[in-house]
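Secondary and tertiary structure notes
Below are the chains, spelled out letter by letter.
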Amino acid sequence: AKAHMESINRAQEAPKTGTTIVACEYAGGIVIGADTRVSTGTYISNRASDKMCNLTENVVMARSGSAADTEAVAGFVRHHCAQREIELAHGETMEVKQVARILTKINYENKNANNGTGLGCYAIAAGWDEKFGAQVYSCTAGGNMIKTSWTTDGSGSTYIWGVLDSEFKE
């Protein structure tokens, strides 16, 4: 019984980091990553979740927050981008900033969704386009869009923010 209680105490003391997503740009492109665990409090509902998805052929979204909200937003962004790409010349892709702006606009326009709490969609939109090269945008649930050379988000991001801040070189 004593060993069982010690095990429970250690489990309660373990850090509950939740999602961690990260992206950075470099001269040749972007690096983007995410953990794979989906949890609700201390319950891990999925150990092999894909928290990244393509929004267009040149832009990837890393998702944190509500899985339902982030998947819905990604679907809407893909739909809007597909409609926009119809107007582009053959082989031309959308600019990364345009895709990030659509993502941010959907978040902002739905800030009163879910009975006034807004969407739980915290995302990174990162990619490469002919005009501006590699780009990383932090897109918050409240509708902020920040271009940066690196960013991290999710409840586990505090564990790597300091490392990125001190070690990332332009």
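Residues numbered from 1 in each chain as written. Predicted model: local features only at pLDDT ≥ 70, side-chain atom pairs only at ≥ 80, totals over all residues. Heavy atoms only, no water.

On to the overall build of the chain. Across its full length, the chain carries five helices and 10 strands. Going through the 170 residues of the chain one by one, you find that 38% of them count as buried. (Helix = DSSP H or I, 4+ residues; strand = E, 2+ residues; numbered from the N terminus. Buried < 20%, exposed > 50% of the residue type's maximum accessible area, 1.4 Å probe, protein only.)

A few words now on the pairing of strand E2 (residues 29-34). The sheet contact formed by strand E1 (residues 21-26) and E2 spans six bridges and is antiparallel. Bridging across to E2, alanine 23 finds its partner in isoleucine 32. Where E1 hands over to E2, the hairpin turn is made up of two residues, counted between the paired strands. (Pairing = 2+ DSSP bridges.)

Okay, the sheet that holds E1 next. The strands making up a sheet are joined through hydrogen bonds of the backbone, oriented either antiparallel or parallel. Judged by pairing direction, the sheet is antiparallel, and its three strands sit side by side in the order E2-E1-E10 without closing on themselves. One side of each edge strand has no neighbouring strand; the edge strands of this open sheet are E2 and strand E10 (150-153). On average, adjacent strands in this sheet sit at an angle of 10 degrees to one another, irrespective of strand direction. Bridge analysis of E1 against E10 gives four bridges, and the strand direction is antiparallel. If you follow isoleucine 21 over to E10, its bridge partner there is aspartate 153. The sheet strands contacting helix H5 (residues 158-167) are E1 and E10, and the helix crosses E10 at an angle near 170 degrees. (Axes fitted to C-alpha atoms, helices over the stretch in contact; angles between N-to-C directions. Contact = heavy atoms within 4.5 Å.)

So, on to unusual backbone geometry. Glycine aside, a negative phi is what most residues show, and trans is what most peptide bonds show. Positioned with a positive phi, asparagine 114 is a non-glycine residue whose angle comes to about 55 degrees. Relative to the helices and strands, asparagine 114 is located in helix H4 (residues 113-116). Phi angles above zero are rare outside glycine, and asparagine 115 is one such case at about 60 degrees. Relative to the assigned elements, asparagine 115 resides in helix H4. Owing to a relative accessible area of 84%, asparagine 115 belongs among the exposed residues under this scheme.

These figures capture arrangement, not role.
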